[in-house]
Every structure is written in structure tokens, then in C-alpha cells.
Amino acid sequence: MTLTRRQALGLSAGAAAFLAFGTKAGLAASDATEAAIKAFTGGAMPGSGKVSLDTPEIAENGNTVPVGVSVDSPMTADNYVVAVMILADGNPNPAVATFNFSTMSGSAEAKTRIRLAKTQNVIAVAKMSDGSTYMDTKEVKVTIGGCGG
Amino acid sequence: MAAPKPRVKVPKKASKGEVITIKTLISHPMESGQRKDKEGNLIPRQIINKFTCEFNGQTVFSCDMDPAVSANPYMEFSAKVEESGTFKFTWVDDDGSVYETENEIAVS
Amino acid sequence: MIKMRTLTAVMSGLLAATAATAVLAGGPVDEALIIDGETEITTRTAAPEGHPFDELISGWHYRTDETRALQADSFQNPGMLYVERGEEIWNTADGAAGKSCADCHGDASESMKGVGAAYPKWDAASNRPVNIELQIDACRKNNMQAEPYKFDAADQKALTTYIRHQSQGMPVGIDLSQGEMQSWWDNGKDLYYTRTGQLNLSCANCHEENNGNYIRADHLSQGNVNGFPTYRLKQSEMVSLHNRFRGCIRDTRAEFPAAFSDELMALEVYVTWRGTGLAVETPAVRQ
């Protein structure tokens, strides 16, 4: 493979970006996503940990992508998960769904299927009964079909 | 189109204090409001925007849905059961329609 | 903020490139399809005599973990919503005769068991092969005095899915000795190997010569039809066999024949035969 100078520059800039932001992918969210997160948390940026998002690494079709969330919580009256919001950072509108839990939920886990317009980050933000918030981010690659697209 | 049809999977029995898994599915196109018809006109949004699961009248779990939830929305979640009773599942459509179904569980 | 977004895009580009390399290594997965942990479905079998392959492999093996899991759970499989809708139609009277399917055929789990595995079959009355959709239409016209369904009407897809589902797990096997089935098979074979469209592709170019390879990011299968009607994630809907035939031909940038035309019925006879011995999966789940 031969690279033009422009391509080579582009690649190295990409690699540099990867090195600089690779560990903080969740922070590179769009304005709309950031606004949705802040509206949900009451202005704070969520911490990491507690919430874990389960998504496929590669989705065969963006119309039906299984996602699951689980939050580490005893789910007792004085310590439970109030809600988990799911966002898709690369969709025309990042809002996807919000799961609202209760102490009768027993465990803070839920699964659904979502639409992703393209390869992008999916974000889960958990809000606990003490007001603290946590976030997890996973990238899902959305493949493009055969000749039909 | 045939009326949306809910499907629900709840165990018939459980022991007291057990955390059970509930699965629900409903037939619905979840029209996103982003698609265009053959003439290029935007097809208006029509989705199920809210799902609720109650047990003996108390809300266990609910979900607010946006158009990014897939067609035929699937929901899986858990519930801790302390007594026998009835689960009631409700889906609310953008057009105001409400689809409901109920399941009994025996807890011992 | 804008700068960050651009960098994110570059980053995901790099990751996608890495992922594509990883994916390209995969052929059909070596796993068993067991629905609800109970019913094992034959998804690999020895090919019949005269077949270009030694082993027939269901399209299920070419899909991702998540798509395969959807089909293996009869609750999560969205195609089952259409099976349930089909059951309603089966039991509902329609047409001037005021009859339902059930009035003549009773319990579909008995009367329709095996039927979907043996279609298309020769129909002496129309002097051509019929598939399930055409058989339903004949019943509607002659016995129910109802209008035939429009191609791909929601009820046609649901009822076809319900009827074919009654043969789930049974091996596909059509009778080529009836009527002129063999000459329709011959015509279907000719079509299968004929290149069409601006892309100049035949069915065989993708599904015989390149199954297991990728066409862009799409993992090509052997093109077996034992799972139809199938729930496709792309449409989020049941997709009929003739819809898929037309879609494939359209994608070669060719004019495509009408549903149930002589061309597509011949193709259905031939392609169904190519999956002889694979179990009916309806409703399968595909990408």
C-alpha cells in the first residue's frame, strides 16, 4: 500500500488523537449528549464505576442492537438506583430510553433493543437514590450491508 | 394494521423474596418521525413512549422510550416478589392508545 | 467541542478498520441451534446428490452471536409476534363463504405439520408449482370466496409464517417427480447461474462461489431459504422469500421479476431444493 503525504498526515493525526483521547472516549460527547447528561444529573458530570453497559462490539444492523445495563446496588430503601438513561451519541437525537427502577426491582438490570444510525458511542448514566451519578460508555460498530447498503 | 399485541414472560411461581426476570415484547413499528415516504414526505412519528410494570398496584419498573428504541420494543428487567399477586403491564402509544396485559404469580 | 468531535470520528475510523480485519477471519460458526434449550434444529446436513456443495449450512451460522441468540429464544424472537398474529388469522372467518382456515383445516399444529417443509409443490389446476402464499390465495378464492392477498400484505406474511412455523424442525424436502416440477427446477437452475444487472452478478457468484466471504461488511451465506419468511433486522419486519429474491436481484442493479412470476417460482423450486435436508427454521432471524 502506498500512502500520499496527505493520507499519511491524516493517519498520524488520527493515531495521535487516539492516544490522547483513547482512555477518555466518554468525554468526547456531542453538545446534545452533554446537555442530556447534565439535564439528567442536575448539572454534574457523572463519575465512573458502578454502572456497566453491555453492547455488542459489532452490530449486524443498526436497526436492532441489543443493549443491557446493570448497576451495582443493594436496591434497599436507603440505597437504590433511581434510573438509568441510555444515550446514543451519534444519532440525530441522542435520547434512547430511560429505565426507572424501584426498591421492588430487586436488581438494577434491564435490557432492550435500540437503533443506531452509524458506528458510535452508547452511553449509560445511572442516578442513585443519594443523588450521585455514574456513567459507562461503549463503542458499537454498525456495519453496512452488501450491494444494497 | 392489526392492533399491537403484547407478549409477556413471567414465572408462574416463585419463592418469597426471589428476584425474578420478566421479559416483554409488543408488536409496534415505532415510527421514528425521521423516515420519508415514497413521495419524500416525512412520515409522522408514532411510537410507544412509555412502558410500566406494576405489581399489586405499585410501580416496579418503567421505561420512557424515544424513537431510537427498535420496532417491536423488547424490555427485560427484574422484580423482587414478597407475596402472590398480579403483574400489570401497560404500554402507552403516541396516539393515546393504551395496551395492557396482566399475569398472576404464586409466591410461597 | 467541534474539534473533539472530529477527533472522535477519526478515532472511530481507526477502530472500525481494526474490527473489520478481525471480522474478516470468520467463516460459518461451529455451534448448534437449540431453540429454548430444547429443540435442536438441523442447520448442517449432507447435500443431496447432484448438489455443488458437500455440506449444506443454514444462514444462521453466518450471523453474529447476538442475532443467533435472538433466534434461539422463542420469546425474544420478534418473528414469533407474526406467528401469533397468523394464528389469529387462521381462526378468523373471512370472505363471502364466512369460513376461516380452521373451519376446513382444524388445528394447524396437526393439519399443517410438514406442509411448509414440502412446498413449493405441483398444482395440477394451475399447471405450475405453487408456494404457500399461492396456496393460501387459492383457498381464499375457491373456498372462502375472499380476495387474494396483495403481495406482502401484512396478513399474507403473518399467515404464511404461521403455516410454515408448524413445520419448524422438519427437514426441507420437495417432490420433483410431480407434474412438470423437474422442468421448473431446470429453469430455476438456469436463472441461478445467470448474471444480471449492472453489477453482472448471478446468485451463484455470491452464494455458491463466495459464501463465507464478505461483500462489504455483509457475511455471505449459502443463500438457503429454510428460514423464510424470516425476521430481518434491517426491515424490522417479516420478509417473504419473493421479497428477498427481488431485493437481491435489485441489488445487482437489474430489473426484477414480479412476485410469484414464472421466473421467481422456478427460482423458488430450485433454491428450496438446494436446502434439502436442512430443517425449517421459520421464523428465522437474519441481519
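Note that the structure is a prediction, hence the values are computed from the model and not measured.

Focus: helix α2 (residues 31–41) of chain A
Residues and elements named next belong to chain A. All of the buried residues along α2 are Thr33, Ile37, Phe40 and Thr41. Buried residues of α2, viewed axially, fall in a sector of 90°; they line one side. Close packing links the buried residues of α2 with β5 (81–88), β6 (95–100), β8 (120–128) and β9 (133–142). Directly after α2, the chain includes Gly42, whose backbone phi takes a positive value near 85°.

Topic: the pattern of salt bridges
Tallied over the full model, the rule gives 26 salt bridges over all chains. Two residues, Lys141 of chain A and Glu139 of chain A, come together in a salt bridge whose shortest N-O distance is 3.9 Å. For the pair Lys141 of chain A and Glu139 of chain A, a shared accessibility class is recorded, and that class is buried. Between Lys88 of chain B and Glu100 of chain B there is a salt bridge; the shortest N-O distance is 3.7 Å. Here Glu100 of chain B lies in strand β8 (residues 98–107) and Lys88 of chain B lies in strand β7 (residues 85–93), a separation of 12 residues in the sequence. One continuous salt-bridge network, built from bridges that share partners, spans Lys5 of chain B together with Arg85, Glu88 and Asp155 of chain C.

A look at the nonpolar core
Grouped together as the largest cluster of nonpolar side chains are 56 residues, with contacts concentrated most on Val84 and Phe99 of chain A together with Phe51, Phe61, Phe87 and Phe89 of chain B. Once residues within four sequence positions are removed from consideration, Phe51 of chain B is found in contact with Thr24, Phe61, Ser62, Cys63, Met65, Met75, Phe77, Phe89, Thr90 and Trp91 of chain B. Core analysis: the second largest hydrophobic core is formed by 43 residues, Val239, Ile249, Ala254 and Val271 of chain C among them.

Brief notes about the sheet that holds strand β2 (residues 51–54) of chain A
With antiparallel pairing, six strands are arranged side by side in an open sheet as β2(A)-β4(A)-β7(A)-β6(B)-β3(B)-β1(B). The open sheet is flanked by β2 of chain A together with β1 (6–9) of chain B, the only strands paired with a single partner. Ignoring which end each strand starts from, the neighbouring axes of this sheet average 20° apart. Alignment of strand β4 (residues 65–71) of chain A against strand β7 (residues 108–114) of chain A, held across seven bridges, turns out to be antiparallel. Paired with Val71 of chain A across the two strands is Ala108 of chain A, which belongs to β7 of chain A.

Let's talk about the domain arrangement of chain C
Residues and elements named next belong to chain C. Each assigned domain of chain C is listed here: domain 1 (39–77 + 172–286) and domain 2 (80–165). On a C-alpha basis, the centroid separation for the pair domain 1 and domain 2 is 22 Å. Residue-level contacts link 34 residues of domain 1 with 26 residues of domain 2. Together, the buried faces of domain 1 and domain 2 total about 2,500 Å²; carbon and sulfur atoms form 62% of this surface. When the buried area of domain 1 at its contact with domain 2 is split by residue, Met238, Phe260 and Met265 rank highest and sum to 23% of it. Here Asp262 and Arg128 are joined by a salt bridge, their closest N and O atoms 3.0 Å apart.

Re the sheet that holds strand β9 (residues 230–232) of chain C
Residue and element names in this part refer to chain C. Strand order in the open sheet made by the three strands is β10-β9-β11, with mixed pairing throughout. Each end of this open sheet is capped by a strand with a single partner; those strands are β10 (237–239) and β11 (284–286). In this sheet, adjacent strand axes meet at a mean angle of 40° when their direction is disregarded.

Considerations on the interface of chain A and chain B
A common way to express how large an interface is: the accessible area buried when the components associate. Listed as interface residues are 24 residues of chain A and, on the opposing side, 30 residues of chain B. When chain A packs against chain B, close to 2,100 Å² is buried across both sides, 47% of that on carbon and sulfur atoms. Looking at the side of chain A facing chain B, the largest losses of area belong to Met104, Arg113 and Arg115 of chain A, adding up to 35% of the total buried there. Summed over the shared surface of chain A and chain B, the number is one salt bridge.

Let's talk about the side chain of Gln71 of chain C
Residues and elements named next belong to chain C. By the element assignment, Gln71 lies in helix α2 (residues 65–72). Side-chain polar atoms of Gln71 contact the side chain of Glu281, separated by 2.8 Å. With sequence-adjacent residues up to four places away left out, Gln71 is seen in contact with Leu33, Ile35, Trp60, Asn77, Glu281, Pro283, Ala284, Val285 and Arg286.

Overview of the interface of chain B and chain C
Counting residues at the interface gives 14 residues for chain B and 14 residues for chain C. Buried area between chain B and chain C, summed over both chains or domains, comes out near 1,200 Å², and the portion from carbon and sulfur atoms is 60%. Area buried by chain B at its contact with chain C is led by Lys5, Arg7 and Asn72 of chain B, which between them contribute 49% of it. Where chain B packs against chain C, one counts three salt bridges. Between Glu84 of chain C and Arg7 of chain B there is a salt bridge whose closest N-O contact spans 2.9 Å. Summed over the shared surface of chain B and chain C, the result is eight residue pairs in polar contact (both at pLDDT 80 or more). Listing elements by their share of the side of chain B that touches chain C, those giving two or more residues are β1, β3 (18–26) and β6 (74–81) of chain B. Among the elements that take part in the side of chain B that touches chain C, β3 of chain B stands out by supplying four residues, more than any other.

Here is what the cut-offs are and how they apply
Residues numbered from 1 in each chain as written. Chains lettered and ligands numbered in written order. Predicted model: local features only at pLDDT ≥ 70, side-chain atom pairs only at ≥ 80, totals over all residues. Heavy atoms only, no water. Buried < 20%, exposed > 50% of the residue type's maximum accessible area, 1.4 Å probe, protein only. Helix = DSSP H or I, 4+ residues; strand = E, 2+ residues; numbered from the N terminus. Arc of directions from axis to C-beta. Contact = heavy atoms within 4.5 Å. Salt bridge = Lys/Arg side-chain N within 4 Å of Asp/Glu carboxyl O. Core = buried A, V, L, I, M, F, W, Y, C linked by side-chain atoms within 4.5 Å. Pairing = 2+ DSSP bridges. Axes fitted to C-alpha atoms, helices over the stretch in contact; angles between N-to-C directions. Domains from an automatic or database assignment. Buried area = accessible area lost by both parts, 1.4 Å probe. Polar contact = N/O pair within 3.5 Å; in protein donor to acceptor, adjacent residues only side chain to side chain.

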